[in-house]
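Structural features, examined
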Amino acid sequence: MTTRREFLVLACGAASIAAARKAGAQIDPNQQALRKAAMQEALRRVVGDAPVRRGRVRLELPPLIDNGNSVPLSVAVESPMTLSDHVKAIHVFTEKNPQPDVVSAHLGPRAGRARLSTRVRLADTQTVLAIAQLSDGSFWSDSAEVVVTLSACLEEGLI
Amino acid sequence: MARAIVNVPSQAKRGEIIEIKTLAAHPMETGFRRTQLGELIPRDIIRRFVCTYNGAEVFRVDLHPAMAANPLIAFTTVATESGTIAFQWAGDNGYAVTESASIRVE
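Treat the numbers as computed from the prediction; the structure is a model and nothing was measured. (Residues numbered from 1 in each chain as written. Chains lettered and ligands numbered in written order. Predicted model: local features only at pLDDT ≥ 70, side-chain atom pairs only at ≥ 80, totals over all residues.)

Regarding unusual backbone geometry
All names here are of chain B. Non-glycine residue Met28 carries a positive phi angle of around 50°. Turning to its location among the elements, Met28 is positioned in the loop between strand S3 (17-25) and strand S4 (46-53). Taking the C-beta count within 10 Å as the criterion, Met28 has 22 such neighbours and is therefore assigned buried. Positive phi values are uncommon outside glycine, yet Asn70 reaches one of about 50°. When you line up the elements, Asn70 lands in the loop between strand S5 (56-63) and strand S6 (72-78). Accessibility expressed as a C-beta count within 10 Å gives 17 for Asn70, which makes it partly exposed. (Helix = DSSP H or I, 4+ residues; strand = E, 2+ residues; numbered from the N terminus. Buried ≥ 20, exposed ≤ 12 C-beta atoms within 10 Å, placed from the backbone.)

Pasting the structure below:
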């Protein structure tokens, strides 16, 4: 016979597992696959077949985001920014937004420092990716995992 | 109402790296939202931002719907000579705004 206490412990456990599952799958699997393909396509457009190495880039985002409609984001790339060795472009991509592209900045040695600060929208808990294209043709990247509690783009019927 | 704010230091030493902050007033409608009747709200965003220093382009940004409303763009440039730093925003529905700031370099 289940005591009242045991029943409550089981019920709470089941409820929290269900909540966790729901949080993990805010987007249905079909759409997830489509967005993954879109992301690959966007990456190919920027990078081509060149390898992307991790490092030199620092992507700064708050790890926990209350409101996905306006998220401060900054990207800094280690580079001397001289005529012969500088950052040509900084691209930011997201995994689960309706479109993978977020922002592309084109700069040169006259920027002095390879740094971009802006505010973006994030639709879901996901990984954000920053890629820097250097003047020697190499690509460097950094990614950040963020948890979004109130997502952008999902306010249907509110207006 | 189209308006933009830029923050550029009024003077700098030659060769100094200066920070520039820009903010454009724009709703950045994504094109993914719907009204209560289920109609898609058409996209209306700023597509491009360009910064020129005495006529030479120093910084350019391509914007997408994932940029927050009233897009903030902060970046740096080297103060090379006295003159004008000009900013241009261009977007959907013929949106075009220009702003400029003068800088004295010693």
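Considering the sheet that holds strand S4 (residues 71-77) of chain A
Judged by pairing direction, the sheet is antiparallel, and its six strands sit side by side in the order S2(A)-S4(A)-S7(A)-S6(B)-S3(B)-S1(B) without closing on themselves. Each end of this open sheet is capped by a strand with a single partner; those strands are strand S2 (57-60) of chain A together with strand S1 (3-7) of chain B. Within this sheet the neighbouring strands show an average axis-to-axis angle of 15°, counted without direction. Here seven bridges tie S4 of chain A to strand S7 (residues 114-120) of chain A, and the two strands are oriented antiparallel to one another. If you follow Val75 of chain A over to S7 of chain A, its bridge partner there is Leu116 of chain A. (Pairing = 2+ DSSP bridges. Axes fitted to C-alpha atoms, helices over the stretch in contact; angles between N-to-C directions.)

What about the nonpolar core?
Core analysis: the biggest nonpolar cluster contains 56 residues, and Val75, Ile90, Ala114 and Val120 of chain A have the highest contact counts within it. Those residues in contact with Val75 of chain A that sit more than four places away from it in its chain are Val57, Leu59, Ile90, Val92, Leu116 and Ala130 of chain A. (Core = buried A, V, L, I, M, F, W, Y, C linked by C-beta atoms within 7 Å. Contact = placed C-beta atoms within 7 Å.)

Here's the deal with the pairing of strand S8 (residues 96-105) of chain B
Residue and element names in this part refer to chain B. Of all the 10 residues making up S8, one are buried; the element is thus mostly uncovered. Bridge count for strand S7 (residues 83-91) against S8 is eight bridges, and the pairing is antiparallel. Considered in S8, the bridge of Gln88 is made with Thr98. Hairpin connection from S7 to S8: four residues lie between these consecutive antiparallel strands, with Asn93 at a positive phi of about 55°.

Structural notes on the pairing of strand S8 (residues 126-134) of chain A
All names here are of chain A. Where burial is concerned, most of S8 is hidden: seven out of the nine residues are buried. The pairing of strand S5 (residues 87-94) with S8 spans seven bridges and is antiparallel. Across the sheet, residue Val87 finds its bridge partner in S8, namely Leu134. Note that S8 and strand S9 (residues 139-150) share eight bridges and pair antiparallel. Along S9, the bridge assignment pairs Thr127 with Glu145.

A few points about the interface of chain A and chain B
Contacts between chain A and chain B engage 29 residues on the former and 26 residues on the latter. Of all the elements in the fold, those that place two or more residues in the side of chain A that touches chain B are strand S6 (101-107) and S7 of chain A. Here the side of chain A that touches chain B gets seven residues from one element, more than from any other, and that element is S6 of chain A. Residue composition of the side of chain A that touches chain B, grouped by class: 10 nonpolar, 11 polar and eight charged. Note that S6 of chain A and S5 of chain B share five bridges and pair antiparallel. (Nonpolar A, V, L, I, M, F, W, Y, C, P; charged D, E, K, R; others polar.)

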